[in-house]
Amino acid sequence: MPNAHTWETREACGHPDGTLPHALAGDRPVWPRDRVADFQHMTLEVTLDVPAKSLRGVATHRLSPLNDGLRFVELDGIELAIESVTVDGRAAKHQYDGARIRVDLGQARNRGDVVEVAIAYHCTPRIGLYFIAPDAGYPEKPLQVWSQGQDEDNRHWFPCFDFPSDKLTTEMIATVPGSWFALSNGRLVSDTANADGTRTFHWSQERPHSTYLVTLAAGEFARIDGSREDLTIDYFVEADARADGERTFKNTPEMIALFERISGVAFPWAKYSQVVVRDFVFGGMENTSATTMTQNILVDEKAAKDFTSDDLVAHELAHMWWGDLLTCRDWSHGWLNESFATYLECLWDEQKHGIDEYRQGIITHTNLYLGERYRRPIVTNVFNAPVDIFDRHLYEKGSVVLHGLRGLLGDDGFFRAIQRYVRDNQERSVITHDLAVAVEAETGRNIEWYFDQWVFKPGHPNFKVAWSWDEETKLATVTVKQTQKTDDGTPVFRAPVVIDFRTGRARPVPFKVEIVDREHSFVFPLPGKPDLCRFDPGNFVLKEIEFEKSIGELRLQLRDDDDIAGRQQAAKALGKKGGAEAIAALEAAVLSDRYWGVQAAAAKALGEIRTEAARDALLAGLKVRNLKARRGVVAALGEFRGDQAVFEALMPLARGAQSWFIEAEANRSIGKLRAAGSFEAIVANIDRRSFREIVRQGCIDGLVELRDVRGLEVIGRCAAYGEPWQARAVATGALARLAVFHEGQKKPTGDRLVELLRDPDFRVRIAASTALKTLGDASFASEVADMASRELDGRAVRMGRENAAALRKGASTSDEVKSLRDEFEKLRDENARLRDRVEKLEALP
C-alpha cells in the first residue's frame, strides 16, 4: 500500500496545525493475536450480484491445530449473513456475534490433524469489497467491483483469520457478469462461460500469503501485455485508457529485473498484474501477484513531460518481496513492509536516472517526515486501528533509516545483508529483530543500537555545526551540538558521520567521526586552510542542521559541491543572507546547475530574498529548459506581492504551458501576488480540465492566497458532489483556509462543512473534518466526533478523532493563525523593502 505514498489520502488528511501526540485518548497497546491453528488453504467461491451490490459465497478453510485438544476455532467476519457451517462435510454448531464466527469442531482435535471448515454466507459489504456504479453526480462511471483488504478489511466480505501473522494458499472462484474479466491472486486455472450468461474465473495462489493480500477486481478491462519469456506481466485498464496505461506501466519489466537483483530472489509469484480501477481508496495495493491501482496513476502525454508514476509502480512492485514474500508479523512492525517499498522507489530512481535522483528521493522523504504533525517511534503498538500508523514514519522516515543503514554498512555489506534477510525469511512473518539478525549474520555488524534509536524511539537529531581554522597550528576545529528536546523520549543520537574539507578544486579530505554526546569538538590536521567544510556528505544521517558559513563558502558549495543535498543547503542559507553576492550565486545556480532540484532550491531562495534584483533573476530563470526547475521558478515568483511585471510574466503560463504543473503553479502564484486582475485570471482557468485536476487545484490554492471573499463561492462550487473528484477534497479544505480571513463567513462556511461531513466520498469527509478544525470553532467538535463514530475507513476515524480532540483542546484557533500569518507577511514585506534599499545603496558608485 502506498504511503496511504503521497497519493490519495495524504491530500485529504492534510497536516493539521495541532500539537496532539500520535496516541489519542483511548488508544491502547495492541498485541499480536494468538494462533490456535495453522490455516493452510482457503477456497473462496463468490457470486456477485452487481445491481444489489452484494454477493453470495462459500469460504472453505483447511486448517491444522497447533496444539492438542482444539475444540473450537474462530474466524473473523463482519456483517455477514451466515447460512450454514460444516466441519469435514457435516453440519456444525457455531456462534456468531457479528464480528467473529466461533465454530465447534465437534470433538477435540490434535496437533497434526487436518480439518476442513466451510462457511456459506451472503453479504452486502460496506467496506472491504466495493461496488462501483454510475450515479447522478458521476453518470460516466463504469460498473466495477474490487476489494481492498489491508489492513484488516477482507473480513467484511469473507470469513477468515484476518491477521498478517498467518499465511496460507488460496483459490478464488468468482462468478461475474458475462462481459467482465475477474482478476485475482496467482495462476488462472480456468475461465468458464456459463449458461446463464455469467462467467466464472478460477484462480489459484499456490504459494502461501497473508489473508489481507487476497484480492478480487472485476469489470470490463483492456489487457496490455508486458510479459517477458519466463513471466506473465500485464496491465488492465479501461479500453479508452490503453495509451496512458502503456505509458504508465512501461518500466515494470525493468523494475522487476532490478528488484530480483537487489533481493537475490527471482520474482516469487506466478505472474505480475496491475489493474487500474475507479474510486480506489488508496494509491495502490500490493495484492499478491495482482496489484490494484488508482486511476490517478495513469499519466497522459502532457503530464509525462515532467511527471512519472514510477514511484507508485515501484512501491507496489517492491512489496511482492518486502510485504508479500516477507510479511510483518503484526502491524507494529509494518515498516518492514512499507519503509522497504518506499526505499526501493529510490533505488529504482538510482538505477534509472542516476545518483542525484536517488539523493533527491532521500531529501524529499526527509522533508515529508519532518512535516509530520507528531513524532513517534517507527515501531509502536499503541493505536486505535492499524491504519493509524500508516504515516510519514512508517513510510518516509523508515526509508531514510534504511538509507542511513546503507551508509553505515557500505554498499557491499548493505546489499548482501538485504539479500540475506530476504533469503532467510521467505514465506515467514518477520519483526525488526529478524532484519538485525540478518545484518549481523552477513556482515558481523551488531546494529541493535542503530534500530534502538532510529526505530524504537522517536525523533531525530538537530545539529548545530560550526568550524574554524587555526593558521598557526594548521588545525580545523568542528564543533557539533545536538539541540533536539529529549523530554518526549527522543534520544541523544549516536551518529557515525564523515566530515570532509576541500581546498580549491582538489579532492575532499574525509575524516570519519562518531557523535555520541550532546556536544563535541573535533580537531583535524590539514596542510592549509580549506575553502569548504562539509558535514555528512551523502546525507546519510536523518537530521535537521544549522551550519553557519560565510557567503564565500556558501557560494563555493553551491557551485562545486558534488552532493545535491549540500548544494541545496547552500542555496537555502544564501537565501537567508541575501545581498548582491548571494543573488548572483543563486541566479547562476537557477540558470546552469546540472540538477533540477538544486535549480528549484535556488529559485526558492531568491523568492525568499524578494528584492528587485532577486525578482529579475527569477524572471530570467523562466527560460530554463528543465520543466521541474521552471516550475520552481514560477512558484518562487509568487513571493513578489503586487508586482505587475511578475503578473504579466505569469499570465500566459497560467493559461497554458508545456506542463500541467507549471500551469497550476502559475495560478497559485498569481493568487499570492494579490495583483489587480488576479481573481479574474484564476477564475478564467479553474474549469480547465487537466491531469488529476492539477490546474484546478492550483487555482483553488491561488484563490486562498488571494484572500478575496468572492473566492468562497467559486471554491464552494468546486467542492460540490459531481464536480471533478480529484479536486473536491482540496476545495473542501480551502473553504476553511479562506474563510478564516473573513470573520462574517466563518459560521456559514462551518455549516457548509458540516454538510460535507456526510459526503459520499470519504476523502471529502476527512477534508471537511480537518477544515472544521482549521476554523477553530469548538462548537463543531461534536459534529466531527459524530462523523468519526460513523466511519468505517480507519483513516476517516483517525482524522475525525484527532480533529475533534484538537477542537476541544483549542490547540490552535483560526484567529491566532490569521494573526500570525498577517504579522509574518508584514515582517517579510518590510524585510524585502529594507533589503532592496540596501542593495541599491551598495550599487551606488
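This text follows the structure it describes.
Residues numbered from 1 in each chain as written. Predicted model: local features only at pLDDT ≥ 70, side-chain atom pairs only at ≥ 80, totals over all residues. Heavy atoms only, no water.

Asks: Can you walk me through the overall build of the protein chain in this structure?
Replies: Each helix and strand in the protein chain was counted, giving 26 helices and 31 strands. For 845 residues, the compact-globule estimate of 2.2 N^0.38 gives 28 Å, and the C-alpha radius of gyration of the protein chain, at 28 Å, lies within 12% of that figure. Taking the principal axes of the C-alpha coordinates as reference, the protein chain spans close to 100 × 65 × 55 Å. When burial is assessed residue by residue, the protein chain has 61% of its 845 residues classed as buried. Accessible area for the protein chain stands at about 32200 Å²; split by element, carbon and sulfur atoms hold 49% of it. Distance between charge centres in the protein chain, computed from 110 positive and 128 negative side chains, equals 2 Å. (Helix = DSSP H or I, 4+ residues; strand = E, 2+ residues; numbered from the N terminus. Rg over C-alpha atoms; globule rule 2.2 N^0.38 Å. Buried < 20%, exposed > 50% of the residue type's maximum accessible area, 1.4 Å probe, protein only. Areas by Shrake-Rupley, 256 points an atom, 1.4 Å probe, with all protein chains shown as cover. Lys, Arg positive; Asp, Glu negative; His and termini not counted. Charge placed at Lys NZ, Arg CZ, Asp CG, Glu CD.)

Asks: How do you make sense of the packing of aromatic side chains when you look at a structure like this?
Replies: Centre distance and the angle of the planes are the two values used to describe a pair of aromatic rings. One pass over the full model with this rule turns up 36 aromatic pairs. Judged by centre distance (5.3 Å) and plane angle (55°), the ring pair of Phe307 and Phe691 falls under tilted. With Phe307 in the loop between β21 (290-294) and α4 (310-318) and Phe691 in the loop between α18 (678-685) and α19 (694-706), the pair connects residues that are 384 residues apart, well separated along the chain. Under the relative-accessibility criterion, Phe307 is labelled partly exposed at 22%. Ring geometry for Trp467 and Phe501: centres 6.1 Å apart, planes at 65°, overall edge-to-face. Of this pair, Trp467 sits in strand β25 (residues 462-470) while Phe501 is found in strand β27 (residues 495-502), placing the two residues 34 residues apart along the sequence. Residue Trp467 is classed as buried on the basis of its relative accessible area, which comes to 17%. (Phe/Tyr/Trp six-rings, centres within 6.5 Å; stacked < 30°, edge-to-face > 60°.)

Asks: Looking at this structure, how should I read the sheet that holds strand β31 (residues 544-547)?
Replies: Adjacent strands of a sheet form backbone hydrogen bonds with each other and so pair up, either parallel or antiparallel. With mixed pairing, four strands are arranged side by side in an open sheet as β29-β26-β25-β31. Two strands in the sheet have a free side with no partner beyond their single neighbour: β29 (519-525) and β31. Averaged over neighbouring strand pairs, the angle between their axes works out to 20° when direction is ignored. Pairing between β25 and strand β26 (residues 475-482): eight bridges, direction antiparallel. Looking across to β26, one finds that Trp469 is bridged to Ala476. (Pairing = 2+ DSSP bridges. Axes fitted to C-alpha atoms, helices over the stretch in contact; angles between N-to-C directions.)

Asks: Is there a simple way to think about the sheet that holds strand β10 (residues 129-132) in this case?
Replies: Taken in spatial order, the four strands make up an open sheet running β10-β11-β16-β13, and their pairing is antiparallel. Every other strand in the sheet has two partners, leaving β10 and β13 (181-183) as the edge strands with one partner each. With direction set aside, neighbouring strand axes in the sheet form an average angle of 10°.

Asks: Would you take a moment to explain the packing of helix α12 (residues 580-592) against helix α14 (residues 612-621) for this structure?
Replies: When two helices pack together, their arrangement is given by the angle between the helix axes and by the axis-to-axis distance. Two elements in contact, α12 and α14, have axes whose closest approach is 9 Å; the angle formed by their N-to-C orientations is 10°. As summarised for this structure, α12 and α14 are arranged roughly parallel, according to the angle between their axes. Residues Ile583, Glu587, Val590 and Leu591 of α12 lie in contact with α14, whose contacting residues are Ala613, Ala614, Ala617, Ala620 and Gly621. Its residues placed into classes, the contact of α12 with α14 shows seven nonpolar, one polar and one charged. (Parallel < 35°, antiparallel > 145°, perpendicular 65-115°, else oblique. Contact = heavy atoms within 4.5 Å. Nonpolar A, V, L, I, M, F, W, Y, C, P; charged D, E, K, R; others polar.)

Asks: Hey, could you run me through unusual backbone geometry in this one?
Replies: The phi angle of most residues is negative, glycine excepted, and most peptide bonds adopt the trans form. Residue Gln150 is joined to Asp151 through a cis peptide bond whose omega torsion reads 5°. Mapped onto the elements of the fold, Asp151 is located in the loop between β11 (144-147) and β12 (167-177). The phi torsion at Asp536 lies on the positive side, around 65°, for a residue other than glycine. Tracing the backbone shows Asp536 in the loop between β30 (532-535) and β31.

Asks: How should I be thinking about the pattern of salt bridges in this particular structure?
Replies: It is possible for side chains of opposite charge to pair when their charged atoms get near one another. Across all of its chains, the model carries 75 salt bridges by this definition. A salt bridge links Asp225 to Arg223; the nearest nitrogen and oxygen atoms lie 3.5 Å apart. As a salt-bridge pair, Asp561 and Arg534 come within 2.4 Å of each other at their nearest N and O atoms. Within this pair, whereas Asp561 is found in the loop between α10 (551-560) and α11 (564-577), its partner Arg534 is found in strand β30, the two being separated by 27 residues in sequence. What makes Arg534 buried here is its relative accessible area of 10%. Each of Arg33, Glu74, Asp76, Arg100, Arg102, Glu152, Arg155 and Asp162 takes part in one network of salt bridges that share partners. (Salt bridge = Lys/Arg side-chain N within 4 Å of Asp/Glu carboxyl O.)

Asks: Please clarify how the packing of α19 against helix α20 (residues 711-719) should be interpreted in this entry.
Replies: Following both chains from N to C, one finds α19 and α20 inclined at 150°, their axes separated by 10 Å at the closest point. Considered as vectors, α19 and α20 are oriented roughly antiparallel to each other. Viewed along their axes, α19 and α20 form a crossing whose handedness is left-handed. In this structure, α19 contributes Arg696, Ile700, Leu703 and Val704 to the contact, and α20 contributes Gly711, Val714, Ile715, Arg717 and Cys718. Partitioning the contact of α19 with α20 into residue classes produces six nonpolar, one polar and two charged. (Left-handed = near helix turned anticlockwise from the far one by under 90°.)

Asks: What is the right way to read helix α8 (residues 432-443) from this model?
Replies: Think of an α-helix as turning once every 3.6 residues; residues three or four places apart then point the same way. Look at α8: 17 Å from first C-alpha to last across twelve residues, which is about the 16 Å you get at 1.5 Å a residue. At the exit of α8 stands Gly444, carrying a positive phi of roughly 80°. (Expected span 1.5 Å × (residues − 1).)

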